[in-house]
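Breakdown of the fold
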Amino acid sequence: MAVASFLLGLPGLLVLNLVLGPAAIVLALTALTRGTRRRGRALLGLVLGVAGLVIQAVLAVAGHGVLWSVS
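Scope of this entry: the structure provided in the associated data block.

Cut-offs used in this document
Here, residues in each chain are numbered from 1, in the same order as that chain's written sequence. Confidence filtering applies because this is a predicted model: local features only for residues at pLDDT of at least 70, side-chain atom pairs given and counted only at 80 or more, and all residues used for totals across whole chains, interfaces and linings. Hydrogen atoms and water are omitted, and side-chain values are computed over all heavy atoms in the structure. Only DSSP runs of H or I with at least four residues qualify as helices, and only runs of E with at least two residues qualify as strands; both kinds are numbered from the N terminus onward. With a 1.4 Å probe rolled over the protein chains alone, any residue whose accessible area is under 20% of its type maximum counts as buried; one over 50% counts as exposed, and the rest are partly exposed. Note on contacts: a residue pair qualifies if any of its non-hydrogen atoms lie within 4.5 Å across the two residues. Between the first and last residue of a helix there are one fewer steps than residues, each counted as 1.5 Å, and that sum is the expected span. Residues with no salt bridge and a relative accessible area higher than 30% make up the patches, which join like charges within 9 Å and nonpolar side chains (Val, Leu, Ile, Met, Phe, Trp, Tyr) within 5 Å. Shrake-Rupley sampling with a 1.4 Å probe provides the accessible areas, and residues are treated as covered by the protein chains on show and by no other component. Criterion for a salt bridge: a side-chain nitrogen of Lys or Arg within 4 Å of a carboxyl oxygen of Asp or Glu. In protein, a polar contact requires one atom able to donate a hydrogen and another able to accept it; more generally it is a pair of N or O atoms within 3.5 Å, and residues adjacent in sequence count only if both atoms are side-chain atoms.

On to unusual backbone geometry, then. A positive phi angle, close to 50°, is found at Leu16, a residue other than glycine. Locating Leu16 in the fold gives a position in the loop between helix H1 (2-9) and helix H2 (17-33). Leu16 sits in the exposed class, given a relative accessible area of 57%.

This is the structure we're talking about:
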């Protein structure tokens, strides 16, 4: 679960922030609660998930909404 959290949090910084961010956070917290041996990756997945949501919030407040737009 810790590795899955990391792998979902990393692309969550760029795309699908609202889907991958919470998924990474839930998996990281579950892995930490169960006492994983890969604590560093779980923490990194947690940080990346939160960072993805923060980036999405900042972009939404700034009025951009998405990182890329197709015109």
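Anyway, onward from the coordinates.
Right, let's get into the environment of Arg38. With respect to the helices and strands, the residue Arg38 is situated in the loop between H2 and helix H3 (39-62). Along the sequence, Arg38 and Ala2 sit 36 residues apart, while their C-alpha atoms lie 6.3 Å from each other. In this structure Arg38 touches Ala2 and Val3, once residues within four positions along its chain are discounted.

Below, the discussion takes up H3. The end-to-end C-alpha distance of H3 is 34 Å, a good match for the 34 Å that 24 residues give at a rise of 1.5 Å each. Residues of H3 that are buried include every one of Ala42, Gly45, Leu48, Gly49, Gly52, Gln56 and Leu59, and no others. Contact partners of the buried residues in H3: H1 and H2. Phi turns positive one or two residues past the end of H3, at Gly63, with a value near 95°.

Mapping Gly45 onto the fold places it in helix H3. Of the residues examined, Gly45 reaches a relative accessible area of 0% and is grouped as buried. Separated by 20 residues in the primary sequence, Gly45 and Ile25 have C-alpha atoms spaced 6.8 Å apart. In contact with Gly45, not counting residues within four places along its chain, are Ser5, Phe6, Ala24 and Ala28.

The grouping of Leu14, Val15, Leu16, Leu18 and Val19 at the surface amounts to a nonpolar patch, some 490 Å² of accessible area in total. Summarising the element assignment, Val15 is placed in the loop between H1 and H2. On the basis of relative accessible area, Val15 is assigned to the partly exposed category, the value being 37%.

On to the side chain of Ser5. Counting through the fold element by element, Ser5 comes out in helix H1. Within the structure, Ser5 has its side chain in polar contact with the backbone oxygen of Ala24 (distance 2.8 Å). Here Ser5 is in contact with Ala24, Leu27, Ala28, Ala42, Gly45 and Leu46, once residues within four sequence places are set aside.

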